[in-house]
Amino acid sequence: MGTFILRRVWVMILTALCLTFIVFFLTNLYPNLEKLAKTQGNVRMSDEQVQTWLETRGYLQPLPVKYGQWLGVLPGWQGVTTDGRAVGQCLEPGRPPEAAPRFCGVLQGDWGNSSVFKEPVWDIVSKRLGLTGKLMFWVMVLMVPSALLLGVLAGMREGSRTDRTLSTFAITTTATPEYVSGVILIAVFASSAVGLKWFKGTATSAMEDATFENFFLPVLTIALYGMGYIARMTRASMAEVMTQQYIRTARLKGVSFPNIVLKHALRNALIAPFTVIMLQFPWLLNGVVIVETLFNYKGFGWTLVQAAGNNDIELLLGVSVVSVFVVLVTQLISDIVYVYLNPRIKVA
Amino acid sequence: MEPLSWGEIVLRILGLLTPVWIGLVATIALSIAFKRRLGLYGKLFDSPIGMVGFGLVMFWVFTAIFGAMDLIVTHDALSQSASMKNEPPGTPYSKLIGDPDPDAYPFYLLGGDNLGRDVFSRVVDGAWIVIQIAPLATLFAFMVGITLGLPAAYYGGRLDTFLSFLANLILAFPVILLFYLLVTPEIVATGIPSYMAAVMFVFPILFATVLLNSRYHTRPSVRTPVLAAVIAVLGWLYLSLISERAGALEVLPSWLDLFDIPGGILVVFVSVVFVNSPTVFRIVRGIAMDIKTRDYVAAAQTRGEGAWYIMLWEILPNARGPLIVDFCLRVGYTTILLGTLGFFGLGLPPESPDWGSTINEGRKLLSIYLHPALPPALALLSLVLGLNLLADGLREESLRD
Amino acid sequence: MTAWDDDGPILEIENLSISFFTRAGEIPAVMDFSCTVRPGEAMGLVGESGCGKSTVALGVMQDLGVNGRIVSGSIRFKGRDLNEMSADELRRIRGREIAMIYQEPMASLNPAMRVGRQLMEVPMIHEGVSEKEARARALEVVADVKLPDPERILRSYPHQLSGGQQQRIVIAMALMAHPSLLILDEPTTALDVTVEAAVVELVKDLGKKYGTSMLFISHNLGLILETCDRICVMYSGEAVETGSIWDVFDRMRHPYTQALFRSIPLPGADKNARPLVAVPGNFPLPHERPPGCNFGPRCDYFVDGRCDGQEIPMVPVAGDDRHESRCVRVDEIDWDAPPEAGARHAATEPGDVVLRMDDLKKYYEVAANSLFGGGESKVIKANESISFEARESETLAIVGESGCGKSTFAKVLLGLETATDGEITLDNRSIGDVPIGRRDTKTVSDVQMVFQNPFDTLNPSMTVGRQIVRALEIFGVGETEAGRRARMLELLDLVKLPREFADRMPRQLSGGQKQRVGIARAFAGGARIVVADEPVSALDVSVQAAVTDLLMELQRTENTTLLFISHDLSIVRYLADRVAVMYLGHIVETGTTEQIFAPPYHPYTEALLSAVPVADTRVQKKSVVLEGDVPSAMDPPPGCPFQTRCRWKHKVPGNRCETELPPYRDLSDGHRSLCWLDDAELAAMEPVIRTAAE
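Residues numbered from 1 in each chain as written. Chains lettered and ligands numbered in written order. Predicted model: local features only at pLDDT ≥ 70, side-chain atom pairs only at ≥ 80, totals over all residues. Heavy atoms only, no water.

**So, the interface of chain C and chain B**
Often the size quoted for an interface is simply the accessible area lost on bringing the parts together.
So, step 1. Taken together, the contact between chain C and chain B spans 29 residues of the former and 27 residues of the latter.
So, step 2. When the two sides are added together, the surface that chain C and chain B hide from each other amounts to roughly 2,400 Å², 52% of it contributed by carbon and sulfur.
So, step 3. Among the residues of chain C in contact with chain B, Arg23, Asp456 and Arg470 of chain C are the three that bury the most area, contributing 26% of the side total.
So, step 4. Linking chain C to chain B there are five salt bridges.
So, step 5. Salt-bridge contacts for Arg470 of chain C lead to Glu305 of chain B; the nearest nitrogen and oxygen are separated by 2.9 Å. (Contact = heavy atoms within 4.5 Å. Buried area = accessible area lost by both parts, 1.4 Å probe. Salt bridge = Lys/Arg side-chain N within 4 Å of Asp/Glu carboxyl O.)

**Quick word on the sheet that holds strand 24 (residues 664-668) of chain C**
All names here are of chain C.
So, step 1. Here we have eight strands laid out as an open sheet, ordered 18-19-20-15-21-22-25-24, and mixed in their pairing. The open sheet has two edge strands with one neighbour each: strand 18 (447-450) and strand 24. Averaged over neighbouring strand pairs, the angle between their axes works out to 20 degrees when direction is ignored.
So, step 2. Note: strand 19 (residues 529-533) against strand 20 (residues 561-566), five bridges, orientation parallel. Looking at the pairing, Ala532 lines up with Phe564 of strand 20.
So, step 3. Here helix 20 (residues 603-611) sits on the sheet in contact with strand 15 (395-399), strand 21 (578-583) and strand 22 (586-592), set at roughly 100 degrees to strand 21. (Pairing = 2+ DSSP bridges. Helix = DSSP H or I, 4+ residues; strand = E, 2+ residues; numbered from the N terminus. Axes fitted to C-alpha atoms, helices over the stretch in contact; angles between N-to-C directions.)

**Remarks on the pattern of salt bridges**
So, step 1. Summed over all chains, the structure comprises 61 salt bridges over all chains.
So, step 2. Across the salt bridge formed by Glu158 of chain A and Arg235 of chain A, the nearest N and O atoms sit 3.9 Å from each other. With a gap of 77 residues between them, Glu158 of chain A in the loop between helix 5 (121-156) and helix 6 (161-174) and Arg235 of chain A in helix 8 (residues 212-242) connect regions that are remote in the sequence.
So, step 3. Its salt-bridge partner being Lys496 of chain C, residue Glu553 of chain C comes within 2.9 Å of it at the nearest N-O pair. With a gap of 57 residues between them, Glu553 of chain C in helix 17 (residues 541-558) and Lys496 of chain C in the loop between helix 15 (481-494) and helix 16 (511-522) connect regions that are remote in the sequence.
So, step 4. The exposure class of Glu553 of chain C is partly exposed, given its relative accessible area of 33%.
So, step 5. We classify Lys496 of chain C as partly exposed; its relative accessible area is 48%.
So, step 6. Salt bridges sharing common partners tie together Arg215, Arg219, Arg303, Glu305 and Glu314 of chain B together with Arg466, Arg470, Glu473, Glu481 and Arg484 of chain C. (Buried < 20%, exposed > 50% of the residue type's maximum accessible area, 1.4 Å probe, protein only.)

**Structural notes on the packing of aromatic side chains**
So, step 1. One pass over the full model with this rule turns up 38 aromatic pairs over all chains.
So, step 2. The interplanar angle of 45 degrees and the centroid separation of 5.5 Å between the aromatic rings of Phe215 of chain A and Tyr297 of chain A together place this pair among those described as tilted. Remark: Tyr297 of chain A occurs in the loop between helix 11 (281-294) and helix 12 (300-309) and Phe215 of chain A occurs in helix 8; sequence separation between them is 82 residues.
So, step 3. Owing to a relative accessible area of 6%, Phe215 of chain A belongs among the buried residues under this scheme.
So, step 4. The exposure class of Tyr297 of chain A is buried, given its relative accessible area of 2%.
So, step 5. Positioned above the aromatic ring of Trp313 of chain B, the side-chain terminus of Arg215 of chain B is 5.6 Å from the ring centre. (Phe/Tyr/Trp six-rings, centres within 6.5 Å; stacked < 30°, edge-to-face > 60°. Lys NZ or Arg CZ within 6 Å of the ring centre and 35° of its normal.)

**A look at the interface of chain B and chain A**
So, step 1. Every contact between the two is made by 46 residues of chain B and, on the other side, 52 residues of chain A.
So, step 2. In total, chain B and chain A occlude about 4,100 Å² of area from one another, counting both sides; carbon and sulfur atoms represent 77% of this.
So, step 3. Counting the contacts that link chain B with chain A gives two salt bridges.
So, step 4. Here Arg164 of chain A and Glu396 of chain B are joined by a salt bridge, their closest N and O atoms 3.7 Å apart.
So, step 5. Here chain B is connected to chain A by three residue pairs in polar contact (both at pLDDT 80 or more).
So, step 6. When residues of the side of chain B that touches chain A are traced back to their parent elements, those giving at least two are helix 6 (157-172), helix 7 (175-182), helix 8 (185-190), helix 15 (320-343), helix 16 (355-363) and helix 17 (374-399) of chain B.
So, step 7. Top element by residues in the side of chain B that touches chain A is helix 17 of chain B. It accounts for 12 residues. (Polar contact = N/O pair within 3.5 Å; in protein donor to acceptor, adjacent residues only side chain to side chain.)

**A few points about the confidence of the model for chain C**
Residues and elements named next belong to chain C.
So, step 1. On average, residues of chain C score 83 in pLDDT, and 96% of them reach the 70 mark or higher.
So, step 2. Of the regions scoring below 50 in pLDDT, residues 369-374 engages in 10 contacts with residues more than four places distant in sequence or in other chains.
So, step 3. Interface confidence for the predicted complex, expressed as ipTM, amounts to 0.86; the pTM equals 0.86. (pLDDT = per-residue confidence, 0-100.)

**Things to note about the packing of helix 7 of chain B against helix 15 of chain B**
Residue and element names in this part refer to chain B.
So, step 1. Closest axis-to-axis distance for the helix 7/helix 15 pair is 11 Å, and the angle between their directions is 55 degrees. Considered as vectors, helix 7 and helix 15 are oriented oblique to each other. As helix 7 packs across helix 15, the resulting crossing turns out to be right-handed. Along its contact with helix 7, which presents Val175, Ile176 and Phe179, the element helix 15 presents Tyr333, Leu337, Thr340 and Leu341. (Parallel < 35°, antiparallel > 145°, perpendicular 65-115°, else oblique. Left-handed = near helix turned anticlockwise from the far one by under 90°.)

**Comments concerning the sheet that holds strand 12 (residues 324-325) of chain C**
Residues and elements named next belong to chain C.
So, step 1. Judged by pairing direction, the sheet is mixed, and its eight strands sit side by side in the order 6-7-8-3-9-10-12-11 without closing on themselves. Bordering the open sheet on either side are strand 6 (98-101) and strand 11 (315-316), each of which pairs with just one other strand.
So, step 2. Both strand 7 (residues 181-185) and strand 8 (residues 213-218) contribute to a ladder of five bridges, which runs parallel. Each residue of the ladder has a partner; that of Leu182, found in strand 8, is Met214.

**Notes on the nonpolar core**
So, step 1. One finds Met143 of chain A together with Leu150, Phe201, Phe344 and Trp355 of chain B to be the most contacted residues of the largest nonpolar core, which totals 206 residues.
So, step 2. Broken down by element, this core gets its largest block of residues, 20 residues, from helix 5 (residues 119-155) of chain B.
So, step 3. Within the second largest apolar cluster, 81 residues are counted, among which are Ala197, Leu492, Ile571 and Tyr601 of chain C. (Core = buried A, V, L, I, M, F, W, Y, C linked by side-chain atoms within 4.5 Å.)

**Section: the domain arrangement of chain C**
All names here are of chain C.
So, step 1. Looking at the assigned domains, one finds that chain C contains domain 1 (29-228), domain 2 (238-325), domain 3 (353-579) and domain 4 (598-691).
So, step 2. Computed from C-alpha atoms alone, the centre-to-centre distance between domain 2 and domain 4 is 39 Å.
So, step 3. Listed as interface residues are seven residues of domain 2 and, on the opposing side, five residues of domain 4.
So, step 4. For the pair domain 2 and domain 4, the two sides together bury roughly 520 Å², of which 73% comes from carbon and sulfur.
So, step 5. A per-residue breakdown of the area domain 2 buries against domain 4 is headed by Phe249, Leu266 and Pro267, which together make up 66% of the total.
So, step 6. At the surface where domain 2 touches domain 4, the tally comes to one residue pair in polar contact (both at pLDDT 80 or more).
So, step 7. In terms of residue count, the dominant contributor to the side of domain 2 that touches domain 4 is helix 10 (residues 245-250) (three residues). (Domains from an automatic or database assignment.)

In structure tokens:
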């Protein structure tokens, strides 16, 4: 088991390095840098001015070097602007340039500063991540149990009326992306046109004080889409397990139907959906971004949109690293728990 | 003129859709009449779920096609009328400046949006965008996934490890982040999407070449002309596709260049293919791993068949069932992705009538006006639902044997 | 329990009919079936696949699924009709009174539940005993089924046990509540012969010990003879003959039973002098059953107007105890007349040596992890020093159980793998280290293969004709497409398939027909060596003879060398000229068929011979039951490969068996054996199979 986890962690680190490099490459393309120079410096800069601006700030070094500096394995860039000011990655206002550390990358905990919010990236990311964590927690609380219940109920008697009804419901929710269900839910429950007005159409106030009224719609919107998918997986898995010979063995041993489902079928049937739930994370992130935009909830997804929309390179990098990291960690956990759930898998 | 009542609106829409109804009835009647001779497609009509799904999908396909042929659309999807801003469904058509064209359709059946454009026409035109891009992008993703998934499964070993690592790499990328990084005007300016397109669109050519060569290499007299013709046609299409006038890749002289795809559309297409391919790769690899242990594969090996013949003619045809099912699901997923792109205003031009963009615009005034956002939302929902039901029906019927 | 007369039958099935209702309409699976099982009696239910024998068992369990329904008749268990019981009453009977054992032991056990839990569940449900008591009971039963270290077994998951151990657990589970009736549905089909023999022995012993009645379902007549007191032969949904084992085996009174016995290779059958008589035609599909007697169209005694006129009832056979037959002509047929002499052939003389293997070795390296760093790799020794030669027109049988390396050796011969060491020479050309991609067309078409599983051997999405034509294309046969098509039709004639089959898809063919197509494909390029990997083991008994026959005939006309890989010694004895017995990668014994089947034996051959069930009442076998399982090829025992299970080991002085690989000794005249036993011990060996005077 130990070597298995080690190997998985090693693959994970390799994946993370590759992914962050790709993100780094895409965000540091010249058109992006040019835009950055113009927004930071002067919109009417000439091409040469842009060049010098970028050069003095180290943006024109070879890509691997810049990546190394950002990562913190190469010494940070230091340069002098045309008007004689010292600039550098590791410099901070109010501290002499000589006192600056040599390395200041992600590994040292220095994620850079957001050019839009004028705040350290790490502060923004951690604060927004907390807000999104709150959202995700409630999504999970709502989604996972109901999806599993739905799937198990539908799958235990394949082809029955319950199965047909629940399956149709599940298919409908998987066919409804968040930007559709969100719009419909707001239209029905929050708009003045219909007039029900049970919930609020925005979740901005939920950032400080989440209540059922302002938080339920965003949670439901994300949960619905994922729920259908997990429920269908569970149903398929359950239906397959119910046709297995060992279920017939149990039946012919005289085990009652509820006990067959609970004792014999459930554990075997939950192995497949479990991995699905974990692998949903990159997907749920989609939902988070859409819902946070739709309901104006300023969490992690909202930050992503802001960073990308405003060419805030450092912030976008930070957001990417965190989301890639979250995805990889959940995959790792899912692998480990899968091994635990499925005694047949031998870990060599 | 009086605004129309809801009943009148419904009747008028049903009437406008007459060509669609005719198409639908004809297709379904023909299919049911010959269902015993149509294989899996025919069996679809034994399953109520599959039939409903098929009906929904075909409804949108016909709507899109007849819409593009200008048989359904009532107004130009892009033209604005200031006096129609946010007007409710059934409002008579009017213009703030000047008189409306006397031949113009006298109503905005589903009302006007925040710029005074006809919602009904935009929904119909939006269908055409989806129906053009989604199946084609999915098809390309399948080409890429199949051409890489089969050898990964068949050879295994380091090739498999490497390709699987790549696939997992892309899968670990949050889709939305990828879109935000890839589908921006800055990236289009660097030409990266064109290069990616150049790489990805090679796969169909490779696929067709290898497919035909492995089959006919024992008969050079058939093989050579067929291959030459196929490569010539596909190659020309390929070069026209990737070559842009005054773009990043200018391979063909413009008199040979058949068509140009706007950079925005191309980048959308490429990123959708890029996001879908690894999943297809995984599915193909999984099925092929299973099939390659069959005796008929061993039989082909013992008579000395080449690896690609075995992959493409012994393994792939027997994987078609699950792949067809996944294709339907994946077209639905691609539709959702296209909507997502539109929703965030990525890639497609802002005035584009695609459903995602329309929903995005409509949602801003959602608490007051429902009619601009709801029709495209329901349209997207019903198309994807139809595809999912169709896939379900196909799966059920193919398992029934 | 309601009053039940202790002497009455345990199970009484009367005129049972079961149908499945599908979209295509009603499909009768069992019709007018009656049988009675008395206390302590073992009833054998025999028939080919699709004859409805398993449906009867599920009918008794009242577990026919959503589509199946009992249409008429009654199933009385201890006097009570199971058809009329409520779900609750049934649940109390299942597992406690009637228990069932199936074919696939792995599939019958819950993979995510410890074995102990699954066993303990039975008494806990039915008798409400405490967990502690249930555990004690489980320990006792696990010891009863002769599993070592019961404590450890109870703590394991099913996948940690071998196939034989799993089946013992399934048996233990069935016996936990001491049921009065045990239904066994092909309980040993998935197991190796030597393991099967041990399990059968166990079932017999336990049946006696617990006084359980048994309903034993099998397609194997030999197995039924060894385990049962009475037998019921089924054909296409009907019972055609029933009676005591002795009556049915020696004085059969139904043409189907007779045809069945004539088509299985019993000792004494010979491919040249006394060939098997194949049953003509095909098993009818459920919706294509003929009027009157179902066996009519395939029957030698068929009389127009009588046999297809009316429904045929079961009639008692005069003079025998409860012996019945479903044949209108039961009293008219001369049952003792010898079968019409099949075409006899002069024995073909083997020609020159075409294939020689010399000290062939094949090792696999299994890496713990292929990428991202090292990890130790393990070596699987699939083949160790394989040496033999095969002559033209000769049939060489390679016998062994699963995992003995017989398939690996076939792969090396065909070029799908290359040899680690040693030589393979085909006509003086060395091909051992030439992979198939680098072999010339001639070599490839010379060495071809017939596969085991008929349902897997043809590509399901290509027509039959297309697949044969493709083989012709690859082998460079024929100049034009039309020429190849003509040749393909000839090949279909050769394997006795109608020419229309060229345009059919494989799913429209029966198993035997598919196997014929596979044979046609193998012979397409004029193959000189054909490797047949268990070509008939997946086919029904009545079809096996026909396909075997076809192989023999093609061999005679084409002078092919046949390498016949099999675990079934009966068929090997029937058709092989020479035999090589393999165990754990080694050839442990080779010789002519007579030498192998008579003492002196290699100890493993002796056990194998004893394990194979023989469907002949005159045959008496010495029982040699092997303990334990075949060791893993990844971790073979030192010394002699067979030493862990050998019953002769103590006769060899010292511990040579455990330390040194025995010499591959020539006993006499090309009969070689891998054993330390000296000549005196070998000479003292008794024959395993004795046939009572004929």
